[in-house]
Amino acid sequence: MSFLRFVGTILFLVAIFAASNAQLSATFYDSTCPNVTSIVRGVMDQRQRTDARAGAKIIRLHFHDCFVNGCDGSILLDTDGTQTEKDAAPNVGAGGFDIVDDIKTALENVCPGVVSCADILALASEIGVALAGGPSWQVLFGRRDSLTANRSGANSDIPSPFETLAVMTPQFTNKGMDLTDLVALSGAHTFGRARCGTFEQRLFNFSGSGNPDPTVDATFLQTLQGICPQGGNNGNTFTNLDISTPNDFDNDYFTNLQNNQGLLQTDQELFSTSGSATIAIVNRYAGSQTQFFDDFVSSMIKLGNISPLTGTNGEIRTDCKRVN
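Residues numbered from 1 in each chain as written. Predicted model: local features only at pLDDT ≥ 70, side-chain atom pairs only at ≥ 80, totals over all residues. Heavy atoms only, no water.

Going by what an unreviewed UniProt entry lists, the protein chain is known as Peroxidase and is assigned to Nicotiana tabacum. Its UniProt record gives the protein chain a comment under Subcellular location (unreviewed entry), which states: "Secreted". (UniProt positions renumbered as here; feature names shortened; annotations may be inferred.)

Structure (structure tokens):
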């Protein structure tokens, strides 16, 4: 091989490597789909008017997507056999897929084959938070969609509502997230709802003790036992994750934890785990909504940067439920 041909080959490989490792950018769609934000906001605004849980549903999908093989839209796939992430234990009953489909349809009508499903989740999450009174941030784009899903990864990598802090912590650190990220992102439970099945193990026979979880406030416990009676048909019964301002994105979630009124075990663990560094973070956010919002924005950007497919990797799905 001649020297010039060798150099040409090296330059070609460098170009391919650069393309496959492209960085996310706020201006990624400026020329190919300049109205992407307004289109997504229009759909989210309409859906949130009729479903107060819309923003919470989407941000949950984004979080659960990014924690499995990175932010690649894999959670949205309807795949064959055992690989669908939708049927993994942490995703059973998850909502918001229809909202994603509506957004994708609206975008395909204007910018066909341009905006990825993974980017839709990132942008719709920011818009959903802002519409509920939370902070706004500049969303970075350029993610591409996976060709496969990973059910086993969803079952192992996504925290369940029943985890202790000791179990949750490595699930976050393995993704490059620290305790501040864990607490800040848990603050997304300041809006949305949860089924009885995600917390009723705390109400009557916690950890096989025959008694309720001792970290649940007594009055709150009575309320929850009334909503989810022992032995009742509670499968489709929901209650608010935040008992004080259930549809608003604010810092009341952290005040609730201080009052032992966190709904999920994973919520209350942040404040009730003796000696944990998370206690000080909860106290800080309870005392300053601004601090919570600032850290939440940083953690959401960090979340959205977990191992995205970029450049020539993956594809831009025309239907978020299936590969092209």
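1. Focus: the environment of Pro135
Along the chain, Pro135 turns up in the loop between α5 (117-131) and α6 (151-157). Each C-alpha atom, one on Pro135 and one on Gly192, is 17 Å from the other, the two residues being 57 residues apart in sequence. Other than its neighbours up to four places away in sequence, Pro135 contacts Glu126, Val129, Ala130, Phe249, Phe293, Phe296 and Val297. (Helix = DSSP H or I, 4+ residues; strand = E, 2+ residues; numbered from the N terminus. Contact = heavy atoms within 4.5 Å.)

2. Details of the layout of surface pockets
Estimates place the volume of the largest pocket at around 920 Å³. Lining the largest pocket we find 38 residues, and of these Arg60, His64, Pro161, His189 and Leu264 sit closest to its centre. Among the elements of the structure, α3 (54-66), α7 (165-173), α8 (179-186), β1 (193-195), α11 (265-272) and α13 (289-304) are those that each provide at least two residues to the lining of the largest pocket. With six residues, α3 is the largest single contributor of residues to the lining of the largest pocket. In terms of residue class, the lining of the largest pocket is made up of 21 nonpolar, 11 polar and six charged. Here the lining of the largest pocket spans two domains, and each of domain 1 (35-156) and domain 2 (159-303) adds at least three residues to it. (1 Å grid on protein atoms, 1.4 Å probe; cavity = no way out; pocket = protein on both sides within 12 Å on 5 of 7 lines; lining within 4 Å. Points joined across faces, edges and corners; volume = space filled by probe spheres on them. Nonpolar A, V, L, I, M, F, W, Y, C, P; charged D, E, K, R; others polar. Domains from an automatic or database assignment.)

3. Some words on the UniProt feature "binding site: Ca(2+) 1" (unreviewed entry) in the protein chain
UniProt's entry tags Asp65, Val68, Gly70, Asp72, Ser74 and Glu85 with the feature "binding site: Ca(2+) 1" (unreviewed entry), counted in the numbering of this structure. On the basis of their most widely separated C-alpha atoms, the annotated residues across 21 residues gather in one place, lying no more than 13.0 Å apart. In this fold, Asp65 is placed in helix α3. Using a relative accessible area of 0% as the deciding quantity, one classes Asp65 as buried. (Buried < 20%, exposed > 50% of the residue type's maximum accessible area, 1.4 Å probe, protein only.)

4. Thoughts on empty space enclosed by the protein
Taken as a whole, this structure holds two cavities of 30 Å³ or more when the rule is applied. His62, Ala122, Trp137, Gln138, Val139, Leu140, Arg143, Met300, Ile301, Gly304 and Asn305 are the residues that line the largest cavity. For the lining of the largest cavity, the element with the most residues is α13, which contributes three residues. Per-class residue counts for the lining of the largest cavity are six nonpolar, four polar and one charged. The class makeup of the residues in the lining of the second largest cavity is four nonpolar, no polar and three charged.

5. Observations concerning the environment of Asp157
On the secondary structure map, Asp157 appears in helix α6. Look at Asp157 and you get partly exposed, because its relative accessible area is 25%. Separated by 14 residues in the primary sequence, Asp157 and Gln171 have C-alpha atoms spaced 6.0 Å apart. Beyond its immediate sequence surroundings of up to four residues, Asp157 is in contact with Phe67, Gln171 and Lys175. Within the structure, the side chain of Asp157 is placed 3.0 Å from the side chain of Lys175, a separation counted as a polar contact. (Polar contact = N/O pair within 3.5 Å; in protein donor to acceptor, adjacent residues only side chain to side chain.)

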